[in-house]
Amino acid sequence: MGVVPEAEDLPGWDGVPADLLWVADEGSAKELREKNPRVGEVVAGGWPVRVDFAPAEEKKGPKKRILYLVNSRRKKSVRTVERLLEIPEVDLTVVVGKEEGLKHDLRQAFASQKERVQVLGLVKNLAGLIREHDLVVTKPGTISVREILAAGRPVVLVEGGKGSERRQGMCRLVVRIGCGALADSPKEIAARSIVTGK
């Protein structure tokens, strides 16, 4: 028996002999069934997630909250925040991780919009923060996207950047199961956020 942690791009798993393989979704299961005749059964059972990742109730109120997890495209983060703030009735939380300089720069750049923009550094309870928002903008990292999907939130995945070729499978998964969109430029990110966040 094996648990396949990848959502797509199943390297190595297409040749593993096993009685049972557990995969994230039916698309991955179909792919493995076609590629690996040495597996007895392939089950599309979802990702195993902790109970505290259960979707939160839909929030009430006119304003939408977008969570922007800044990634390797750090240079475009100011322009991305500017574009997201062009969306009416949106509040924005920006998480920069350990990038203290970027946190300072973003806080300074958007000091006049403190009521709409919150800039955070390292966050310990990312799952809880995700549940507090209506939409998440991030790179297609396997762990963060799994947490977003487990929380029942739509996502705009930012393509490109360093290592993007390794994350194409996660992009295909999100589009295939209809829980998000792909974007590259700050303008595209904002446009996809309007559509995806509805």
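Within each chain, residues carry numbers counting from 1 in the order of the written sequence. Since the coordinates come from a predicted model, pLDDT governs what is reported: local features require at least 70, and pairs of side-chain atoms require 80 or more to be given and counted, while whole-chain, interface and lining totals use all residues. Side-chain numbers come from the whole structure's heavy atoms, not from hydrogens or water.

## A short note on helix H7 (residues 186–196)
Thinking step 1. Here the term buried applies to any residue with accessible area under 20% of the maximum for its type, exposed to any over 50%, and partly exposed to those in between, with areas from a 1.4 Å probe on protein chains only. Helical segments are the DSSP runs of H or I of at least four residues, strand segments are the runs of E of at least two, and each set is numbered from the N terminus. Taken as a whole, H7 has its buried residues at Pro 186, Ile 189, Ala 190, Ser 193 and Thr 196. The buried residues of H7 occupy one face: seen down the axis, they fall within an arc of 140 degrees. With respect to the buried face of H7, the exposed residues turned more than 90 degrees away are Lys 187 and Val 195.
Thinking step 2. Here, two residues are considered to be in contact whenever any of their heavy atoms come within 4.5 Å of each other. Contact partners of the buried residues in H7: strand E4 (64–69), helix H2 (77–85), strand E7 (135–138), strand E8 (155–158) and strand E9 (180–183). Along the arc lie the directions from the helix axis toward the C-beta atoms.

## Remarks on the sheet that holds E8
Thinking step 1. The strand order E6-E5-E4-E7-E8-E9 describes an open sheet built from six strands, whose pairing is parallel. Strands at the two margins of the open sheet, each flanked by one partner only, are strand E6 (117–120) and E9. This sheet shows a mean twist of 15 degrees between the axes of neighbouring strands, independent of strand direction.
Thinking step 2. Strand pairing is assigned whenever DSSP detects at least two bridges linking the two strands. Bridge count between E4 and E7: three bridges; the pairing is parallel. Bridged to Ile 66 within E7 is Leu 135. For helices, the fitted line uses only the C-alpha atoms of the stretch in contact; every axis is such a line through C-alpha atoms, and the angle between N-to-C directions lies from 0 to 180 degrees.

## Examining the pattern of salt bridges
As a working rule, side chains carrying opposite charge can pair if their charged atoms are close by.
Thinking step 1. Only one rule defines a salt bridge in this text: a Lys or Arg side-chain nitrogen within 4 Å of an Asp or Glu carboxyl oxygen. Within the structure shown, the criterion is met by four salt bridges.
Thinking step 2. The partner of Lys 63 in a salt bridge is Asp 91, with the nearest N and O atoms 3.2 Å apart. On the criterion of sequence distance, the pair formed by Lys 63 in the loop between strand E3 (39–44) and E4 and Asp 91 in strand E5 (residues 90–95) is long-range, its members being 28 residues apart.
Thinking step 3. We classify Lys 63 as partly exposed; its relative accessible area is 37%.

## Notes on the layout of surface pockets
Thinking step 1. Of the grid points, spaced at 1 Å and generated over the protein atoms alone, those admitting a 1.4 Å probe that cannot get out make up cavities, while open sets with protein on both sides within 12 Å along at least five of seven lines make up pockets; any residue with an atom within 4 Å of a point is treated as lining. Grid points are joined across faces, edges and corners, and a volume is the space filled by probe spheres set on the points. For the largest pocket, the calculated volume is near 350 Å³.
Thinking step 2. Lining the largest pocket are 18 residues, with Leu 69, Val 70, Asn 71, Val 95 and Gly 97 sitting closest to its centre.

## As for the pairing of E7
Successive residues of a regular strand alternate their side chains across the two faces of the sheet.
Thinking step 1. Neither face of E7 is left uncovered, since the one carrying Leu 135 and Val 137 and the one carrying Val 136 and Thr 138 both have all their residues buried.
Thinking step 2. As defined by bridge partners, E7 adjoins E8 across three bridges and the pair is classed as parallel. In the strand pairing of E8, Val 136 is matched with Val 155.
Thinking step 3. Note on handedness: a clockwise path from strand one over the helix to strand two, with the strands aimed away from the viewer, defines a right-handed crossover. Handedness of the β-α-β unit built from E7, helix H5 (residues 142–150) and E8 comes out right-handed.

Everything listed here is a matter of geometry and, on its own, says nothing about what the molecule does.
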